[in-house]
Amino acid sequence: MPNSYRRVPHPPFIDLPVSKPAASGYGYTRIPAGSRRIVGVMNHETQGRGSGPWYRDFFSCPGGQRCADALVDYLITRDGTIYRLNDPKNNRSPWANGGPLGLEGDGPAFYARFGASGVNNSLISIEFEKLDNEDFTTAQIQSGGLLNAYWHDQDDQDWETYPYVPRYGCVTSLAHFEIGTTNCGKGELDDISRVQAVARGEMKRWQAMATGPIAPLPPIVPSQPDIPALPGGLSVEEASRRFGTLIKHTPDGKTKPAPFDPRGVISLSWLHRCVETGEWPRPEDWWALTDSGRTLDIVTFSNDWQLIRTADRQGVMWARFADAQLEPVAA
Ligand SMILES: [Zn+2]
């Protein structure tokens, strides 16, 4: 019997919406309500302690420490309570999952499939309240598993292969360090597999209409190639030829050539968009600026495309998505 989808219930949560000004910036991109197409989850750790209201205020404007540059969808505190800080169906696409340019683990394959905008737009962000050296609590693993199950099931993903999705050719349950150069989630892959085991059991329970209690089901993910399947089925050689050489300008005034990198954020963003649009501009200059200003990276192309990164959690985005974010922001 085929699996039946979208029956996994959303686990109980407390709604604590973060307050932000109505314009893009402030840690999110304004989008038409309901237009995020969620395909999975990015699991984060707070690397600090605090209650639900404390984290709501932390991201809120005015006055919150991360008012200007970050927002997440959910927080799960040590006692397993789920707080919803941003409703994924509203008009805010949070900057939660980006980071300095670097992909690891399941990151390159996800990026090759979903491109730059998929990082924040297509992944729910969950913060687990924990310090770097702590494990997830049993209650967090349980709540996190149920929340993961809900979102993966909403996208009609099968419990059998979860967290790998054959039709996408990648894993859609990620830890933050796999997408940005951060230590968020590093060393917690064992905890994240326990979260995924709860999620997989829960998905089976509803999709296969299993009767009786279901134990956690540890996921088995087939090993992935180091070089992800490239958008458009291109070979690395062909992609390299079309890419040419990007020139990177560092803050000390030096330049260095940056050829196509099949595991690189800029290379995969470019290739993803070329295949999507049929346009093949050449990358030209990459200005990597210091943290002092708001703009951290700008990449220009031989047409009017621009990749920019103006906040850590934002990651790189195409400027057409980001124009509004360049408006002055109260620091
Ligand atoms: Zn994180």
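On a predicted model such as this, the values are computed, not experimentally measured, just so you know.

*Asks:* Could you clarify how one ought to interpret the overall build of the protein chain in this entry?
*Replies:* Scanning the protein chain for helices and strands turns up 7 helices and 16 strands. Over its C-alpha trace the protein chain gives a radius of gyration of 20 Å, about what one expects of a compact globule, namely 20 Å for 331 residues. Referenced to the eigenvectors of the C-alpha coordinate spread, the extents of the protein chain come out at roughly 60 × 45 × 40 Å. Going through the 331 residues of the protein chain one by one, you find that 54% of them count as buried. Sequence-distant contacts in the protein chain: of pairs separated by 6 or more residues, those separated by 24 or more amount to 70%. When the accessible surface of the protein chain is summed, it comes to about 14000 Å², and 53% of that surface belongs to carbon and sulfur atoms. Averaging the coordinates of the 33 positive side-chain charges in the protein chain and doing the same for the 39 negative ones gives two points 3 Å apart.

*Asks:* In this structure, what is going on with the state of the cysteines? I would like to understand it.
*Replies:* By definition, a disulfide links the sulfur atoms of two cysteines through a covalent bond. Under the criterion given, the structure shown has 1 disulfide. Summary of cysteine pairing: Cys 170 is not part of a disulfide, and the nearest cysteine sulfur, belonging to Cys 184, is at 19 Å. Take Cys 274: it sits in no disulfide, and the sulfur closest to it among the cysteines is that of Cys 170, at 20 Å.

*Asks:* Quick question: what am I supposed to make of the packing of helix 2 (residues 107–121) against helix 6 (residues 265–277) here?
*Replies:* To characterise two packed helices, one gives the angle between the axes of the helices and the distance between these axes. Close contact between helix 2 and helix 6 brings their axes to 7 Å; oriented N to C, the two are set at 40°. The orientation of helix 2 relative to helix 6 falls into the category oblique. Both helix 2 and helix 6 take part in a crossing whose hand is right-handed. Contacts from Pro 108, Tyr 111, Ala 112, Arg 113, Phe 114, Gly 115 and Ala 116 of helix 2 reach helix 6 at Val 265, Leu 268, Ser 269 and His 272. Residue classes in the contact of helix 2 with helix 6 are distributed as 7 nonpolar, 3 polar and 1 charged.

*Asks:* I tried to follow helix 3 (residues 138–154) on my own but got confused; where do I start?
*Replies:* Given 3.6 residues per turn, any residue in an α-helix points the same way as the ones three and four places further on. Along its 17 residues, helix 3 runs 25 Å from first to last C-alpha, staying within 8% of the 24 Å computed at 1.5 Å per residue. Most of helix 3 is tucked away, with 12 of its 17 residues classed as buried. Listed as buried for helix 3 are Gln 140, Ile 141, Ser 143, Gly 144, Gly 145, Leu 147, Asn 148, Ala 149, Tyr 150, Trp 151, His 152 and Asp 153. Considering only its buried residues, helix 3 is in contact with strand 3 (40–45), strand 4 (74–76), strand 5 (82–84), strand 7 (123–128), strand 10 (173–175) and helix 4 (189–207). Downstream of helix 3 by a residue or two, Asp 156 has a phi angle that is positive, lying close to 60°.

*Asks:* Could you clarify how one ought to interpret the domain arrangement of the protein chain in this entry?
*Replies:* Taken domain by domain, the protein chain comprises domain 1 (14–207) and domain 2 (231–326). The gap between the C-alpha centroids of domain 1 and domain 2 is 25 Å. Domain 1 puts 30 residues into the contact, and the matching count from domain 2 is 23 residues. Across the domain 1 to domain 2 interface the summed buried area is about 2000 Å²; carbon plus sulfur atoms make up 63%. Measuring nitrogen to oxygen at the nearest pair gives 2.9 Å for the salt bridge that ties Glu 127 to Arg 313. With 9 residues, the single largest contributor to the side of domain 1 that touches domain 2 is helix 2.

*Asks:* Sorry, what's going on with the sheet that holds strand 16 (residues 317–318) here?
*Replies:* Consider a sheet: its strands pair through backbone hydrogen bonds, and that pairing is either parallel or antiparallel. The mixed open sheet is built from 6 strands, whose spatial order is 12-11-13-14-15-16. The open sheet has two edge strands with one neighbour each: strand 12 (255–259) and strand 16. Taken together, the 4 bridges between strand 14 (residues 297–301) and strand 15 (residues 306–309) define a ladder with antiparallel strand orientation. Counted as the bridge partner of Thr 300 is Gln 306 from strand 15.

*Asks:* Honestly, the sheet that holds strand 3 in this entry has me stumped. Any pointers?
*Replies:* The strand order across the open sheet built from 6 strands is 1-5-4-7-3-10, with neighbouring strands paired in mixed fashion. Since the sheet does not close on itself, it has two edges, and those belong to strand 1 (14–15) and strand 10, each with one partner. For strand 4 and strand 5, the ladder comprises 3 bridges, and the chain directions are antiparallel. Across the sheet, the residue bridging to Ile 76 is Ile 82, located in strand 5.

*Asks:* What's the story with the pattern of salt bridges in this structure? I'm lost.
*Replies:* Two side chains with opposite charge may pair up if their charged atoms get near one another. In this structure the tally under the stated criterion is 18 salt bridges. Of the charged contacts, one joins Arg 242 and Glu 238 as a salt bridge, the two residues approaching to 2.7 Å between their closest N and O atoms. Residue Arg 242 and its partner Glu 238 are both found in helix 5 (residues 236–243); the two are separated by 4 residues, about one turn of the helix. Look at Arg 242 and you get partly exposed, because its relative accessible area is 29%. One connected set of salt bridges, linked through shared partners, spans Asp 15, Arg 84 and Asp 87.

Here is what the cut-offs are and how they apply
- Along each chain, the written sequence defines residue order, and numbers are assigned to residues from 1.
- In keeping with the model being predicted, local features are shown solely for residues with a pLDDT of at least 70 and side-chain atom pairs are shown and tallied solely at 80 or more, while totals for entire chains, interfaces and linings include all residues.
- For the side-chain quantities, the full set of heavy atoms in the structure was used; hydrogens and water were omitted.
- Elements are defined by DSSP. Helices are runs of H or I of four residues or more, strands are runs of E of two residues or more, and each kind is numbered from the N terminus.
- Radius of gyration here is computed from C-alpha atoms only, and the compact-globule reference equals 2.2 Å multiplied by the residue count raised to the power 0.38.
- Each residue is placed in one exposure class: buried if its accessible area under a 1.4 Å probe, protein chains only, is under 20% of its type's maximum, exposed if it is over 50%, and partly exposed if it falls in between.
- The contact criterion used throughout is that any non-hydrogen atoms of two residues lie within 4.5 Å.
- Computed by Shrake-Rupley with a 1.4 Å probe, the accessible areas treat only the displayed protein chains as cover when residues are assessed.
- Charged-residue counts in this description rest on Lys and Arg as positive and Asp and Glu as negative, His and the chain ends being excluded.
- Here the site of a charge means NZ on Lys, CZ on Arg, CG on Asp, or CD on Glu.
- Criterion for a disulfide: a pair of cysteine sulfur atoms within 2.5 Å.
- Helix axes are fitted only over the stretch in contact, all axes being lines through C-alpha atoms; the angle between N-to-C directions runs from 0 to 180 degrees.
- Oblique is the label for every angle not falling under 35 degrees (roughly parallel), over 145 degrees (roughly antiparallel), or within 65 to 115 degrees (roughly perpendicular).
- Crossing chirality is assigned from the near helix's rotation relative to the far helix, an anticlockwise turn below a right angle marking it left-handed and a clockwise turn marking it right-handed.
- Any residue outside Ala, Val, Leu, Ile, Met, Phe, Trp, Tyr, Cys, Pro, Asp, Glu, Lys and Arg is labelled polar, Gly included; the first ten of those are nonpolar and the last four are charged.
- To estimate the expected span of a helix, subtract one from its residue number and multiply by 1.5 Å.
- Note: domain ranges come from an automatic or database domain assignment.
- Summed over both partners, the accessible area lost on bringing two parts together, with a 1.4 Å probe, is the buried area.
- We count a salt bridge whenever a side-chain nitrogen from Lys or Arg sits within 4 Å of a carboxyl oxygen from Asp or Glu.
- Two strands pair under a simple rule: DSSP has to find at least two bridges between them.

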